[in-house]
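Structural overview
Okay, here's what each chain looks like letter by letter:
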Amino acid sequence: MGEQVQAVAARLRPPGWRDPRLIVGVLLIVVAVIGVAALLRGADRTAPVYAAATDLAPGTVLDESNLAVAHVRVGDGYLEAPEQAPFGAVVTRAVGAGELVPAGAVAAREDVDGRPVAVVTTAPVAEGVDAGSVVDVWVTPEAGSSERVGESLPVSAVDREEGSFGLGGETVYVVVPADQVGLLLDALSGAAEVAVVGTA
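What this report covers is the structure whose coordinates are included nearby. (Residues numbered from 1 in each chain as written. Predicted model: local features only at pLDDT ≥ 70, side-chain atom pairs only at ≥ 80, totals over all residues. Heavy atoms only, no water.)

Examining the side chain of E170
With respect to the helices, strands and loops of the structure, E170 is situated in the loop between β7 (147-159) and β8 (171-177). At 4.1 Å, R160 is the nearest oppositely charged side chain to E170, a buried residue that forms no salt bridge. There is a polar contact of 2.6 Å between the side chain of E170 and the backbone nitrogen of V125. (Helix = DSSP H or I, 4+ residues; strand = E, 2+ residues; numbered from the N terminus. Buried < 20%, exposed > 50% of the residue type's maximum accessible area, 1.4 Å probe, protein only. Lys, Arg positive; Asp, Glu negative; His and termini not counted. Salt bridge = Lys/Arg side-chain N within 4 Å of Asp/Glu carboxyl O. Polar contact = N/O pair within 3.5 Å; in protein donor to acceptor, adjacent residues only side chain to side chain.)

As for the pattern of salt bridges
One side chain can pair with another of opposite charge once the charged atoms of both are near each other. If you walk through the whole model with that rule in mind, you get 2 salt bridges. Between R148 and D136 there is a salt bridge, and its shortest N-O distance comes to 3.2 Å. Placement of R148 in strand β7 and of D136 in strand β6 (residues 134-141) is noted, with a sequence separation of 12 residues between them. Across the salt bridge formed by E151 and R148, the nearest N and O atoms sit 3.8 Å from each other. For R148, a relative accessible area of 39% gives the class partly exposed. In this structure, a network of salt bridges that share partners links the residues D136, R148 and E151.

Section: the packing of aromatic side chains
Counted under the stated rule, the structure contains 1 aromatic pair. When the ring of Y50 is compared with that of F87, the centres are 6.0 Å apart and the planes differ by 75°; the resulting orientation is edge-to-face. Residue Y50 is located in strand β1 (residues 47-52), and its partner F87 is located in the loop between β2 (67-72) and β3 (90-91); the two are separated by 37 residues in the primary sequence. For F87, a relative accessible area of 39% corresponds to the partly exposed category. (Phe/Tyr/Trp six-rings, centres within 6.5 Å; stacked < 30°, edge-to-face > 60°.)

Here's what the structure looks like:
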């Protein structure tokens, strides 16, 4: 009888600090707490990346005035600040003000062959055509039918004030591949009418 009482008492006795079960339980709790803390830290982690401070049109040369640093939770594919500072690089597609700048939207100057060309129109330009738009350029000679001389050209800027040479039109600055600049300028010089038409 006494042995049975001692056995029951041993089972009911609180485990000591050296009890393997207690040690394993404490370790599991510690691991769980560390895991949750790491998960929360990862969820709250932000990274500094570059964002457009203003609307960036194709052909824009980047500097400190048209970029800002934003701390956001994003994946790969954006320009990290300051390690990937793109100052001096050229924007290859439109990026709106406040948007994060994708790494694929900029290129080194020597890798960009586009040249800005001012197209003075003789017809009003649609209000929706602005920096970042894509347009076609049409000309009509003194004698002849209209002809498209520029296709799917990105717009770097639009000047809606009175055009040059007293034409009373508007000036649209388009980015033209270097090997097409001469052809476009020749077509514009002999045109009686010039129109810039948005493609979207």
